[in-house]
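Coordinate inspection notes
Below are the chains, spelled out letter by letter.
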Amino acid sequence: MLREDYVQYAAAVHIEGARFLRDGAAALLPCCTFAFPYTAFAVERTLTRAESLLAQTVELSAGLLEHSGITKYTSVMEARMRLAGVELDATLTTRQTEAERARSVAPGRRAEIYDGFRGLSARACDYADAFLQTADEIRSRITEGRMAFAVPMPALKFLRLIGADYKAAAAHLAKGEQACLLRRPDAAESYARCLRHAVIAFGGEEAPASADALAARASSGLVPSLPPMLFEILLRYENLPAALCGDA
């Protein structure tokens, strides 16, 4: 594959995937209890690693991004996660916005960008795999009745799914191959239904039908029973194109 095409695909995958990985870890972290400190440490490590991936992706992606990976609720959701005790890099969203506004790649940088994405993709594959192992450990403890967790099981399953998709895409990119992130309509609807049920369970007479309306309610602090980042993840996932490459 031509390097010009590769960097375009790599930017699209990592600007979404690294943020999904970061936000998935951020959503899990405040739900970890002192009974399982190593799980909390593992989730926090994924959060730190994913932020480093996202920071490098933003740096490499200026002039390559065709779609925004930020929603109108992103800054508010991040602020609410900080209130929950999850420290997120406040500069990443601002820097990503600036990268999305760039219309061209700086002259002479494409070789550097190509090499950067190859190395970044290998690390992303390892980091996503570590997140999957942690998610599996949490799920196993929940099903065995050894752990109570505020994130519903269907939501945990969905976070694992998007982590696995990111890992698979990163593995292809690490080899210099074409890759893309796909939106899975059935999984998205199942996840949205889970969040709607959580809204109703908290006392709402009915839950909004759209991901945007759910995110609006969470960003307003009206769903305190769940980490608000779960709703941001749903909205960004549904904003993904059904396919980012024609032969996926």
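In case you missed it, the structure is sitting above this.
Bear in mind that the values here come from a model prediction, so they are computed numbers and not experimental data. (Residues numbered from 1 in each chain as written. Predicted model: local features only at pLDDT ≥ 70, side-chain atom pairs only at ≥ 80, totals over all residues. Heavy atoms only, no water.)

Let us now look at the nonpolar core. One recurring pattern in soluble globular proteins is that nonpolar side chains are buried together. Core analysis: the biggest nonpolar cluster contains 85 residues, and Leu28, Phe117, Leu230 and Phe231 have the highest contact counts within it. In terms of residues, this core owes the most to one element, helix α1 (residues 3-28), which gives 13 residues. Excluding anything up to four places from it in sequence, leucine 230 contacts Ala27, Val151, Leu159, Tyr191 and Leu195. (Core = buried A, V, L, I, M, F, W, Y, C linked by side-chain atoms within 4.5 Å. Buried < 20%, exposed > 50% of the residue type's maximum accessible area, 1.4 Å probe, protein only. Helix = DSSP H or I, 4+ residues; strand = E, 2+ residues; numbered from the N terminus. Contact = heavy atoms within 4.5 Å.)

Take alanine 171: it is sitting in helix α6 (residues 153-174). Alanine 171 sits 49 residues away from alanine 122 along the chain, and the two C-alpha atoms are 6.6 Å apart.

Turning next to helix α8 (residues 211-219). Among the residues of α8, those classed as buried are Ala211, Leu214, Ala215, Ala218 and Ser219. Burial along α8 is one-sided: seen end-on, the buried residues are contained in an arc of 130 degrees. On its buried face, α8 is in contact with α3 (74-83), α7 (185-201) and α9 (229-238). Note on α8: the residue one or two positions beyond its end, glycine 221, has a positive phi of about 80 degrees. (Arc of directions from axis to C-beta.)

Right, let's talk about the packing of aromatic side chains for a bit. According to the stated counting rule, one finds 5 aromatic pairs in the structure shown. Arranged with centres 4.2 Å apart and planes meeting at 10 degrees, the rings of phenylalanine 158 and tyrosine 191 form a pair that is stacked. Pair noted here: phenylalanine 158 is in helix α6 and tyrosine 191 is in helix α7, with a separation of 33 residues, a long-range link. The residues phenylalanine 158 and tyrosine 191 share a single accessibility class, namely buried. An aromatic cluster of at least three residues, connected via ring pairs, comprises Phe20, Phe158, Tyr191 and Tyr237. It is arginine 3 that lies over the ring of tyrosine 114; its NZ or CZ is 4.2 Å from the centre. (Phe/Tyr/Trp six-rings, centres within 6.5 Å; stacked < 30°, edge-to-face > 60°. Lys NZ or Arg CZ within 6 Å of the ring centre and 35° of its normal.)

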